[in-house]
There are 2 protein chains.
Amino acid sequence: MNKFEEKTIRSKQIFTGNIVHLQVDDVKLPNGKEAKREIIKHPGAVGIIPITKDNKIVLVEQFRKPLEKSILEIPAGKLEPGEDPETTAIRELEEETGYTTEELSFVTSFYSSPGFANELMYIYITDQLEPLDESVDGDEDEFIEIVELSLEEAKQYVEAERIHDAKTNYAILYLHALGLS
Amino acid sequence: MNKFEEKTIRSKQIFTGNIVHLQVDDVKLPNGKEAKREIIKHPGAVGIIPITKDNKIVLVEQFRKPLEKSILEIPAGKLEPGEDPETTAIRELEEETGYTTEELSFVTSFYSSPGFANELMYIYITDQLEPLDESVDGDEDEFIEIVELSLEEAKQYVEAERIHDAKTNYAILYLHALGLS
């Protein structure tokens, strides 16, 4: 779908980072005028909703520098170039939680913030978790703590804004709609 | 909460745009090592879930340059500096849909993508829509089309990825959980 398409007149690369790239495009609007678009390019990401055998949600607490605070999120990570999202999902689940799974169900996908970024987030769920035989050495410079919450506890964390990001708020609402108890 | 806090050693401003700012921070990790954080600063935004008297969801279709396609989203917009999110919500509802309301309920808020951006999204809902007496002149360089969908239609649009962003996918799931029919 390209209704109201904005044709690129020129594109200027501003920043090439490890995670994000920033470019500013001059575009032609449908009325012929020109405008600037600030665009963040991102490789895409996955989030996994891991449910234990006793119906707890496995979350990870980590410090998020853009927010200058730590929040609790579903396990998540960026896609490597060309990587299948399911592969990313399994890797991040293992690295961040010490669980693995052979059964992953696709829930949905969405753009995090389509006004300025092309990050596409894939969400998966599994209630078939198996502890890994030995602890996986994740990224040694990644500091996270695992928390397992009931759905009721997770809802309280949403109220308290300790759970406070799109993918995790979506996950909690999804589990509520599913009737997890 | 500041578990695993990453102290800023230095912060370098890379880009100051109309919508986003980009900075790269050197931080000290809990293990004493240093790392770089690429951070997008954003003023924050609101999304409004407008429900008509016959239980249709009012969505706007617009071209999103970062995605190079148009998608259907709940009405939304950026906060002006110091602006109360409810004020933003009413303004964007009026500008984008031609409806206004005196009853707005807070649904939730979430960070769109806390790994690299500080954008906080506030979500409101209203089923008390009143058509504006005269059409509001929105941003003349904003090209949008209003679409009103039943919840069932909206779910099909999610399946087809014509609805495909965090706030709108959240909104459709929220209405499903609410039992809108």
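Residues numbered from 1 in each chain as written. Chains lettered and ligands numbered in written order. Predicted model: local features only at pLDDT ≥ 70, side-chain atom pairs only at ≥ 80, totals over all residues. Heavy atoms only, no water.

The name given to chain A in an unreviewed UniProt entry is ADP-ribose pyrophosphatase, with the source organism recorded as Virgibacillus dokdonensis. The annotation that UniProt attaches to chain A under Sequence similarities (unreviewed entry) is "Belongs to the Nudix hydrolase family." (UniProt positions renumbered as here; feature names shortened; annotations may be inferred.)

A count of helical and extended segments in chain A gives three helices and 12 strands. For chain A, the spread of C-alpha atoms along the principal axes amounts to about 60 × 35 × 30 Å. Counting every position in chain A, which comprises 181 residues, the buried fraction comes to 52%. When the accessible area of chain A is evaluated, it comes to approximately 8,300 Å², of which 44% is carbon and sulfur surface. (Helix = DSSP H or I, 4+ residues; strand = E, 2+ residues; numbered from the N terminus. Buried < 20%, exposed > 50% of the residue type's maximum accessible area, 1.4 Å probe, protein only. Areas by Shrake-Rupley, 256 points an atom, 1.4 Å probe, with all protein chains shown as cover.)

With that out of the way, let us pick up the sheet that holds strand β5 (residues 57-64) of chain A. Residue and element names in this part refer to chain A. Spatially, β6-β5-β12 is the arrangement adopted by the three strands of the open sheet, whose pairing is antiparallel. A single partner strand is all that each edge strand has here, and the edge strands are β6 (69-73) and β12 (144-149). Taking each pair of neighbouring strands and ignoring which way they run, the sheet shows an average axis angle of 25°. Pairing of β5 with β6, which is carried by five bridges, proceeds in the antiparallel orientation. In the sheet register, E61 faces β6, and the bridge partner there is L72. (Pairing = 2+ DSSP bridges. Axes fitted to C-alpha atoms, helices over the stretch in contact; angles between N-to-C directions.)

Once that is clear, we can look at the relation of the copies chain A and chain B. Relative to chain B, chain A is turned by 180° and slid 0.0 Å along the rotation axis, the superposed coordinates differing by an RMSD of 0.0 Å. Seen this way, the second copy is the image of the first under a two-fold rotation axis. Both copies share a contact surface, since 100% of the interface residues of chain A are interface residues in chain B too. (Least-squares fit on C-alpha atoms with pLDDT ≥ 70 in both. Contact = heavy atoms within 4.5 Å.)

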